[in-house]
Protein chains: 4
Amino acid sequence: MDTDGLIALRRDLHRHPEPAWCEFYTTARILEELDSRDASCAVGPDALAGEKRLAVPDADERGRWLERARAAGADEEVLDRLAGGYTGLVATLERGAGPTVALRVDIDALARPESADPGHRPVAEGFRSEHEGAMHACGHDAHAAIGVGVIDAVTASDFTGTLRVFFQPAEEVVGGGAAMAKGGHLEDADALLAVHVGLDHPTGEVVAGVDGFLAVTHLEATFTGESAHAGGRPEAGRNAIQALGTAIENLYGISRHSDGATRVNVGVVEGGSAANVIAEEAHLVAEVRGETTELMEYVEERARTVLESAAAMHDCALETEVVARAPSARSDDGLVSLVADVARAVEGVETVLERDELGGSEDATFLMREVQRHGGLACYVGIGTDHPGGHHTATFDVDEESIRHGVEVLAGTIERIGRERV
Amino acid sequence: MDTDGLIALRRDLHRHPEPAWCEFYTTARILEELDSRDASCAVGPDALAGEKRLAVPDADERGRWLERARAAGADEEVLDRLAGGYTGLVATLERGAGPTVALRVDIDALARPESADPGHRPVAEGFRSEHEGAMHACGHDAHAAIGVGVIDAVTASDFTGTLRVFFQPAEEVVGGGAAMAKGGHLEDADALLAVHVGLDHPTGEVVAGVDGFLAVTHLEATFTGESAHAGGRPEAGRNAIQALGTAIENLYGISRHSDGATRVNVGVVEGGSAANVIAEEAHLVAEVRGETTELMEYVEERARTVLESAAAMHDCALETEVVARAPSARSDDGLVSLVADVARAVEGVETVLERDELGGSEDATFLMREVQRHGGLACYVGIGTDHPGGHHTATFDVDEESIRHGVEVLAGTIERIGRERV
Amino acid sequence: MDTDGLIALRRDLHRHPEPAWCEFYTTARILEELDSRDASCAVGPDALAGEKRLAVPDADERGRWLERARAAGADEEVLDRLAGGYTGLVATLERGAGPTVALRVDIDALARPESADPGHRPVAEGFRSEHEGAMHACGHDAHAAIGVGVIDAVTASDFTGTLRVFFQPAEEVVGGGAAMAKGGHLEDADALLAVHVGLDHPTGEVVAGVDGFLAVTHLEATFTGESAHAGGRPEAGRNAIQALGTAIENLYGISRHSDGATRVNVGVVEGGSAANVIAEEAHLVAEVRGETTELMEYVEERARTVLESAAAMHDCALETEVVARAPSARSDDGLVSLVADVARAVEGVETVLERDELGGSEDATFLMREVQRHGGLACYVGIGTDHPGGHHTATFDVDEESIRHGVEVLAGTIERIGRERV
Amino acid sequence: MDTDGLIALRRDLHRHPEPAWCEFYTTARILEELDSRDASCAVGPDALAGEKRLAVPDADERGRWLERARAAGADEEVLDRLAGGYTGLVATLERGAGPTVALRVDIDALARPESADPGHRPVAEGFRSEHEGAMHACGHDAHAAIGVGVIDAVTASDFTGTLRVFFQPAEEVVGGGAAMAKGGHLEDADALLAVHVGLDHPTGEVVAGVDGFLAVTHLEATFTGESAHAGGRPEAGRNAIQALGTAIENLYGISRHSDGATRVNVGVVEGGSAANVIAEEAHLVAEVRGETTELMEYVEERARTVLESAAAMHDCALETEVVARAPSARSDDGLVSLVADVARAVEGVETVLERDELGGSEDATFLMREVQRHGGLACYVGIGTDHPGGHHTATFDVDEESIRHGVEVLAGTIERIGRERV
């Protein structure tokens, strides 16, 4: 597929943004595209370890998106295979003896509205989101297009070996990485490439090895006490909001660690029913991070102790659930050098940085660690793109020129791996 | 109107429960009922001091209920007069020289669903709520009927003087009392009676003087800080959820007072947007009470200091709003004796308690204090009624026999006041 | 002994104030006084249930006071019997058949300096405290003198029956009442009188029945964690000061109770060793009170949960110790009337109040409840006295005229009990 | 002075350990030692900027140590010059034209007892601390000896230029650095060397440039409220312990910073007087640190906001005082290389590390930054020494062989600076 075709695909996906585990149209659309190619596809339950999915929305929510996908013309038979929120796919291209190389691209959108400003290119050129309250504000539409483009470029190349492209759902909620990593398609991978556009790097700049992923866990906690009339019988209550208050204060009080950076945040709270009722239930969503997985686990363990003790203090029951999780990871030197080398030769690429720090979290790290655990190499590649608004904002957009950069850097690297057995 | 008529009226209101400041059908229905009587009615903005209304819902919410009232057949012209949530009315019956006696009945329902159990009498006899999510679960439908019944009974009596019946909206949110007390219709009142059915007293029992109202204020507080990426730039945030946590802990820590009982509760909290974002906004609704108005004011003042300091501590802005308020009040001995005396003679009343404690809050206290401030007397009367479920629960219902008890106790007392110039 | 003798005794005790469980000189001095009388005395371990003593100071502290008592001329043989802090005595006067009447007076002083102002009567008249840092600032010196005076007055009267006077140690720390109540000398008591001078009532005023004692418990809690260098290895610490902070916030947050007044206070805190060390140990002394013993127990139970959870939250060990305890109690109507009756006839008594509220705590309640539990009657009598400074302040003093009032009211009541078998 | 002389001096100082601002004997002893040398000495107020001293103990405490110094034979005239806690001295050796080189050694001891174990060398060889509760547990006795030794070694060398040795008091409380830096003797320094023995490096190992000093501030905060009887009038109190509790919780909750490591600790708390009294006063000592001075200032600013808001919340007054402060600093590459070079040639030195991280705080950084601000170079040198117990523990001791290493590394470096005009 030529660049224009990839741009058209990207714009179609941009018009149909779908949030985590609801990428029904997206999955069907990619599948349709690959239908005419050599790649064999594992879809839905066959693509991932279903029980490892995190932050799956409820059936009502999924139903609404399924309906939209249907209305947008997605293939009914494919939709059937994705039922239950088993979205995403793994495309495999067999090209004879040689190394197995994996490429991971993520495909989900964000639950936020897109700008309607006439100056916003998707508006001006007619591919703004058709779904109110959802938007491809992080470039995963371009990632999906790059994934398809790489299949074509590798098909057209001398590469021998096996290429597997992972079209991963639910990255934005840090909920899809574990399921893809453990879905059985990564076991024989000798190398893994992951890709992200933008990240505040302009078009023409490539980061061969992105690093500095903080390991992260999102914990939901629910305190359940007992309601009582706050005027008439306050002593009869078991106060879930008091437990919440104690938890907030003490979560932020978790000690720093001398081994490196850690983070803790209570990002969402909700509780109680009325001013005059001792609250029966209160709820929080907390995030813990660490520069390494070990540091994150240190904070998580302390956070669990705080939550349990806050519940005990106010005689409440506690339920916790991990709703997102990703480890830290590091790009391997060997692959980084190779990517840098290839990138320097790509037309339009003017600057190549060997390494840069992300400072956030990404569940591609699950796949990176899985491959590294088996003795393979992994590398997370940044493809610069001019973006008018910041990531996750209403005016985000990608410079479509960078799609070609991405395809050429990645396909070129894959060819080299095939040739050099890195 | 005979008892059957009152029961029919009560059941019609029960079928059309309306929450605070949305009593459109209810007001129109009572007005229609009074149309055939001698009483002159001040309606909507004429009945109350509009700027003293608290907890008025937004225009959308009011619009929905207005639409329902229209669909249920309420008089269009009346609805026009109530526009903007000016519900309720004051009916005046002029009967020559003599004292002015006020009766206050409240007319609003609760925002909770009613039981659909076949054994629940409103279901069995076909007058269950027609509005999902709203229910007369506290007997105000019976109060309204009693109000109409008293007008009829006094009309039929030898009473000379003036009777004013206050059909008050928004008691459940403690939001209508001040507006009615300051609406200009209470200035010449020599005596005020207020009435409530049930309160855990069975049919046949009357409490001549209910006391023990706790003064109450509901405060909404909103902390506004600044969001930031919790992993990438936590120091850039001004954390509204931390301010909230500090506020919760310290509100509950407000010192007890040696002059009498106080209460404090944080009944509702909400804040933040996502696990990985430092929360920009957090919100709480707190309730403070005191055995006297002074004690309530002591707690409220300390609560405000806590809220302000919690905001300052986390560099957040604070907005607070009083969304409900009622003072304490006490029934006057003279009236209590009179009510008790009358009640003992009412057929079906078997037990008369001079005094009992409520232990909750009620904004009838605004009207009681207004009358007492002018030198008049006030009394809050409890009319027992068997109720299968507790107040505010899905299976609450009144024993309609108690409607007659209420009418006779109150009308009898009013006649005696007219005769004896209490 | 005439009034001058009692005043001389009171002044001698005033010169030798001794704190809880160190009343060595005081006990020996009273014993010496009683030597010449008919009363038989149970001393030290024979007077009380040793294992029920609370807040006993350590051996060093006791040793220092023992030394002072020796230096002040206390009888060596008596001091031997008090070794280990078994102070106090019970004097019994057998006067034939008749009821057993108990009188309880407390004898300990406070650990605070006395005013050196020339206008302070003990200074002007030469009986200021000889022990720096200790002072009879609550009138227990006068109580002891009243106890001796009552023995003399009853001896001189027609009383038949048995009189037992309990000279109780350690009231100020609420630590002696339980031990005296369970010492075996109260089992046959038909009536108990307790007495306190002052309480903001002037000379000439008597309160026949003091009430409103709050039940109280003092809890010492020690959190033990692990120290660590706060800069180099903060994560290695288990932070006792954080546990303390969490405990403080949540102790004050214990819910009020609808059955009546409760109190909670953290009165003393101490912890840590240096700014740059995570604190290994932190300590608090908290007080919980209730209008009834049940209410106090409610607060105590919640307080224990808070302390345990705060320790668990910060991975600290917790040790708690009850260092003071007293229940609530109420003076019996029968005795109150009798005391009032007698008081009205005492020369110099101008006002007799039947009842007044104390609003604090007193461990005489242990003795009152013990007697009441056996079916006897109890009454706590207040004898007004002009006091220049407030109770527990540096300029407190008693108007010695009130000593005679106390003796006559109490002895008169005891005679009446003997005569009337109340 | 030969090595034996330095060891004898070190042991004499070890026998007479003196805490911060009480180094009376120590200062006099060093002065006496230098008397026979060419160096001119600025002593006491002439050596430092008196108003910049932090954590100076009160006059009683200073008086006790002055008395001990006198008893130990310190020169009366010298003691007079140190009155008021102006300890320490700056010795200047003028050796003609050339660069000015400063050497900083600290001389204070710790307020902790020394081991009495017969196996502890100071016990075995008779130079254990003669002052109960004080000990040279961090090697500053050796530092002082090294300072004297360097003067001798430089005197015996070809060095031309000026040498200034700063014998600095009060390092352990991070209280002397600023006063020495601003005392006027550092203005013309071209280079500064500072030295520490041990730091977990064995004898024979030298760290040419110690880094990783965290900037630090110690803040004392006192909350002053109003006491009240906790049972009788709790509402009348303004509770300093509640303010303390709120401060503790929120100090630990200060957000991490994305620019680097920060620390916060509440190391000491104390407050209140009795269980039944609302606390009038409470006190804390907190420490804030940052990887850079800016990061420390970020935490300090937030800490001040927390303290002020906690005070305001509980209606208490707040007083804060900085009792210790030190910035971060970094050893300059040029000097580090030179020290490493010299060290490699010293007999007995087997390992030379160019750089190592301290991870704690040191107020030598004030002197380092002062010199660097003027365009000079600074370097903090670590001289390994086998120490049986850890720094600040009861069994700490230095391997006296390292004194010679220190002298030779430092004097050698100074000579090279003189020769090479680094």
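Rules behind the numbers
- Residues numbered from 1 in each chain as written.
- Chains lettered and ligands numbered in written order.
- Predicted model: local features only at pLDDT ≥ 70, side-chain atom pairs only at ≥ 80, totals over all residues.
- Heavy atoms only, no water.
- Domains from an automatic or database assignment.
- Contact = heavy atoms within 4.5 Å.
- Buried area = accessible area lost by both parts, 1.4 Å probe.
- Salt bridge = Lys/Arg side-chain N within 4 Å of Asp/Glu carboxyl O.
- Polar contact = N/O pair within 3.5 Å; in protein donor to acceptor, adjacent residues only side chain to side chain.
- Nonpolar A, V, L, I, M, F, W, Y, C, P; charged D, E, K, R; others polar.
- Helix = DSSP H or I, 4+ residues; strand = E, 2+ residues; numbered from the N terminus.
- Pairing = 2+ DSSP bridges.
- Axes fitted to C-alpha atoms, helices over the stretch in contact; angles between N-to-C directions.
- Expected span 1.5 Å × (residues − 1).
- Buried < 20%, exposed > 50% of the residue type's maximum accessible area, 1.4 Å probe, protein only.
- Disulfide = S-S within 2.5 Å.
- Parallel < 35°, antiparallel > 145°, perpendicular 65-115°, else oblique.
- Left-handed = near helix turned anticlockwise from the far one by under 90°.
- pLDDT = per-residue confidence, 0-100.
- Least-squares fit on C-alpha atoms with pLDDT ≥ 70 in both.
- Arc of directions from axis to C-beta.

1. Focus on the domain arrangement of chain A
Residues and elements named next belong to chain A.
Step number 1: Here chain A is described as being made up of domain 1 (3-213 + 329-420) and domain 2 (215-325).
Step number 2: Each side of the interface is counted separately: domain 1 has 10 residues, and domain 2 has 9 residues.
Step number 3: With both chains or domains summed, domain 1 and domain 2 bury close to 680 Å², and 48% of this area falls on carbon and sulfur atoms.
Step number 4: Considering only the side of domain 1, the residues that lose the most area to domain 2 are Leu54, Val174 and Ser361, jointly responsible for 52% of the buried surface there.
Step number 5: Across the contact surface, domain 1 and domain 2 share 0 salt bridges.
Step number 6: Viewed at the interface, domain 2 and domain 1 are joined by 3 residue pairs in polar contact (both at pLDDT 80 or more).
Step number 7: Within the side of domain 1 that touches domain 2, the residues separate by chemical class into 6 nonpolar, 2 polar and 2 charged.

2. Focus on the interface of chain C and chain D
Step number 1: Taken together, the contact between chain C and chain D spans 37 residues of the former and 37 residues of the latter.
Step number 2: Summed over both partners, the interface of chain C with chain D comes to about 2,700 Å²; 57% of that surface belongs to carbon and sulfur atoms.
Step number 3: Our enumeration of links across chain C and chain D arrives at 0 salt bridges.
Step number 4: For the pair chain C and chain D, the number of links is 14 residue pairs in polar contact (both at pLDDT 80 or more).
Step number 5: Elements supplying a minimum of two residues to the side of chain C that touches chain D: α8 (240-252), β9 (262-272), β10 (277-278) and β11 (281-290) of chain C.
Step number 6: A total of 9 residues in the side of chain C that touches chain D trace back to one element, the largest contributor, which is β9(C).

3. Considerations on the sheet that holds strand β14 (residues 377-383) of chain B
What holds strands together in a sheet is hydrogen bonding between their backbones, with the strands either parallel or antiparallel.
Residues and elements named next belong to chain B.
Step number 1: With mixed pairing, 8 strands are arranged side by side in an open sheet as β1-β2-β4-β3-β5-β14-β6-β13. A single partner strand is all that each edge strand has here, and the edge strands are β1 (40-43) and β13 (351-357). On average, each strand axis in the sheet is tilted by 25° relative to the strand beside it, whichever way the strands run.
Step number 2: Sheet topology places β1 next to strand β2 (residues 89-95); 4 bridges connect them, and they run antiparallel.

4. Structural notes on α8(C)
Residues and elements named next belong to chain C.
Step number 1: For α8, built from 13 residues, the straight-helix expectation of 18 Å at 1.5 Å per residue is met to within 8% by its first-to-last C-alpha distance of 19 Å.
Step number 2: Across the 13 residues that make up α8, a large majority, 13, are buried.
Step number 3: Measuring from the backbone nitrogen of Ile241 back to the side-chain oxygen at the start of α8 gives 3.0 Å, which picks out Asn239 as the cap.

5. Notes on the state of the cysteines
Step number 1: All chains considered together, the criterion is met by 0 disulfides over all chains.
Step number 2: Cys138(A) provides the cysteine sulfur closest to Cys379(A), a residue in no disulfide bond, and the two sulfurs are 18 Å apart.
Step number 3: Judged by relative accessible area, which is 0%, Cys379(A) ranks as buried.
Step number 4: Cys22(B) takes part in no disulfide bond, and the closest cysteine sulfur, belonging to Cys138(B), lies 18 Å away.
Step number 5: By relative accessible area, which is 0% here, Cys22(B) ends up buried.

6. Considering the interface of chain D and chain A
Step number 1: Facing the 12 residues of chain D at the interface are 12 residues of chain A.
Step number 2: Roughly 990 Å² of surface becomes buried between chain D and chain A when both sides are summed, with 34% attributable to carbon and sulfur atoms.
Step number 3: Of all residues in chain D, Glu249(D), Arg256(D) and Arg263(D) bury the most surface against chain A, accounting for 62% of the area lost on that side.
Step number 4: Counting across the chain D and chain A interface gives 6 residue pairs in polar contact (both at pLDDT 80 or more).
Step number 5: In terms of residue class, the side of chain D that touches chain A is built from 3 nonpolar, 6 polar and 3 charged.

7. Let's talk about the packing of helix α1 (residues 3-15) of chain B against helix α2 (residues 24-35) of chain B
Residue and element names in this part refer to chain B.
Step number 1: It is at 10 Å that the axes of α1 and α2 come closest, and there the two elements cross at 160°. With respect to α2, the element α1 is oriented roughly antiparallel. By crossing handedness, the relation of α1 to α2 is classed as right-handed. Contact with α1, carried on its side by Leu9, Asp12 and Leu13, involves Tyr25, Thr26, Arg29 and Glu33 of α2 and no other residues of that element.
Step number 2: Among the residues forming the contact of α1 with α2, the class breakdown is 3 nonpolar, 1 polar and 3 charged.

8. Considering the confidence of the model for chain A
Step number 1: Residues at a pLDDT of 70 or more form 100% of chain A, whose mean pLDDT is 95.
Step number 2: Of the two predicted TM-score estimates for the complex, the pTM is 0.86 and the ipTM is 0.82.

9. Notes on the relation of the copies chain C and chain D
Step number 1: Mapping chain C onto chain D leaves a residual RMSD of 0.1 Å; the transformation is a rotation of 180° accompanied by 0.1 Å of translation along its axis. Taken together, the turn and the small shift mark the pair as related by a two-fold rotation axis.
Step number 2: With an isologous cut-off of 70% or more, the 100% of interface residues of chain C that recur at the interface of chain D puts this contact in the isologous class.

10. Re the environment of Arg369(A)
All names here are of chain A.
Step number 1: With respect to the helices and strands, Arg369 occurs in helix α11 (residues 364-373).
Step number 2: The class of Arg369 is partly exposed, set by a relative accessible area of 33%.
Step number 3: Counting along the chain gives 127 residues from Arg369 to Gln242, while the straight-line C-alpha distance between them is 40 Å.
Step number 4: Each residue touching Arg369, except ones within four places of it in the same chain, is listed here: Thr293, Pro327, Ser328 and Ala329.

11. Focus: helix α3 (residues 59-71) of chain A
An α-helical turn contains 3.6 residues, so any two residues separated by three or four positions project in the same direction.
Residue and element names in this part refer to chain A.
Step number 1: Counted at 1.5 Å a residue, the expected span for α3 with its 13 residues is 18 Å, and the 18 Å between its end C-alpha atoms agrees.
Step number 2: Along α3, the residues that are buried comprise Arg62, Trp65, Leu66 and Ala69. Down the axis of α3, the buried side of the element spans an arc of 105°, and every buried residue falls inside it. Exposed side of α3, more than 90 degrees from the buried face: Asp60 and Ala71 are the residues found there.
Step number 3: On its buried side, α3 packs onto α2 (24-35) and α4 (76-82).
Step number 4: Gly73 lies just past α3 and shows a positive phi near 100°.

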